[in-house]
Amino acid sequence: NGEALIREAVARERLQTNPDNWLSHNLLGVSLRMQNRNPEAINHFLKAQTLNPNYDTILYNLANAYQADGQLNTASATYKKLIAQSPQHPKAHNNYGVNLQSLGKHVQAKQHFQRQLDLSPKNSRTLFNLAISLRVLGSTSEARGALKTAIKLDPNLHAATLELADLERTKGNYADAK
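Below you will find a few notes about this structure. Within each chain, residues carry numbers counting from 1 in the order of the written sequence. Confidence filtering applies because this is a predicted model: local features only for residues at pLDDT of at least 70, side-chain atom pairs given and counted only at 80 or more, and all residues used for totals across whole chains, interfaces and linings. Only hydrogens and water are removed before side-chain values are computed, so all heavy atoms of the structure are retained for them.

A closer look at the overall build of the chain
Comment: elements are numbered from the N terminus, with helices defined as DSSP H or I runs of at least four residues and strands as E runs of at least two. Helices and strands together make up the secondary structure of the chain, namely 10 helices and 0 strands. Projecting the C-alpha coordinates of the chain onto the three principal axes gives extents of approximately 65 × 35 × 25 Å. Split into buried and exposed, the 178 residues of the chain put 43% on the buried side. Contact between two residues is taken to exist if any of their heavy atoms lie within 4.5 Å; hydrogens are not considered. Within the chain, contacts between residues separated by at least 24 positions form 46% of all contacts whose residues are at least 6 apart in sequence. Residue-level accessible areas treat just the shown protein chains as cover; the underlying method is Shrake-Rupley with a 1.4 Å probe. Just so you have it, the chain exposes about 9,300 Å², and 51% of that area is on carbon and sulfur atoms. His is not counted, nor are the chain ends; Lys and Arg add positive charge and Asp and Glu add negative charge. Where a charge lies is defined by one atom per residue type, namely NZ (Lys), CZ (Arg), CG (Asp) and CD (Glu). The chain carries 21 positive and 14 negative side-chain charges, and their two centres are separated by 5 Å. Burial here depends on accessible area, computed with a 1.4 Å probe over protein chains only, as a share of the maximum for the residue type. Under 20% is buried, over 50% is exposed, and the range in between is partly exposed.

Shown next, in the form of structure tokens:
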């Protein structure tokens, strides 16, 4: 991705003149994440966090990099730290919920999706994620409602449309599965 390469070059140039620039480490981490170079990104997010431990965006980026790198337990611990530091973070609860789903912890994931919806009730992606956990937990009626609301909010959220169709087929509601 050309944009990521440009961002990487700019951040590296800034770090040559000021190696303790937390913002440049964060920017470099973001550009490396865009290139799926997660271990390198993690190193720069950790350096940025050391230099500026109270900036919640760094923790958010770090948690996402751990998640993308398959370090699910470390991502989980980082999301917990982020939520403790910034409980109103605009995306932390949703992403932590996805992390918990990856760990098979759907009850806890559901709680974080619901908290995210308290913060941003019209978030179609969070509704979709909630529906996945609800379905796994056997709450198909609630899952159906969440999926229908997600689709109403974002008709282009095709994953929700497919999940709803699959749910209806599984329940024998073939007419509603279309």
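Topic: the environment of alanine 4
Tracing the backbone through its elements, the reader meets alanine 4 in helix α1 (residues 2–17). When its relative accessible area of 0% is taken as the criterion, alanine 4 is described as buried. Expressed as a C-alpha distance, the spacing of alanine 4 and leucine 137, which sit 133 residues apart in the sequence, is 39 Å. Apart from the residues lying within four places of it in its own chain, the contact partners of alanine 4 are Ser31, Met34 and Gln35.

Some thoughts on the pattern of salt bridges
The term salt bridge refers to a side-chain nitrogen of Lys or Arg lying within 4 Å of a carboxyl oxygen of Asp or Glu. One pass over the full model with this rule turns up 9 salt bridges. Glutamate 8 is paired through a salt bridge with arginine 37; the nearest N and O atoms lie 3.0 Å apart. Placement of the pair is glutamate 8 in helix α1 and arginine 37 in the loop between α2 (22–34) and α3 (38–51), with a sequence separation of 29 residues. Linked by salt bridges that have partners in common, Glu8, Arg12, Arg37 and Glu40 make up one network.

Side note on the environment of serine 124
You can see serine 124 is positioned in helix α8 (residues 124–136). Here serine 124 falls in the buried class, since its relative accessible area comes to 12%. Other than its neighbours up to four places away in sequence, serine 124 contacts Ala150, Leu153, Asp154 and Leu157.

Let's talk about the packing of aromatic side chains
Only Phe, Tyr and Trp rings take part, Trp by its six-membered ring, and two of them pair if their centres are within 6.5 Å. Stacked means planes under 30 degrees apart, edge-to-face means over 60, and tilted covers everything else. Scanning the model with the defined rule gives 2 aromatic pairs in all. Ring centres 5.9 Å apart and planes at 35° place the aromatic pair tyrosine 79 and tyrosine 96 in the tilted group. Placement of the pair is tyrosine 79 in helix α5 (residues 72–85) and tyrosine 96 in helix α6 (residues 92–102), with a sequence separation of 17 residues.

Concerning α3
Look at α3: 20 Å from first C-alpha to last across 14 residues, which is about the 20 Å you get at 1.5 Å a residue. Listed in full, the buried residues belonging to α3 are Asn38, Ala41, Ile42, His44, Phe45, Ala48 and Gln49. Packing partners of the buried residues in α3 comprise α1, α2, α4 (56–68) and α5. Multiplying 1.5 Å by the helix residue count minus one yields the expected span of that helix.

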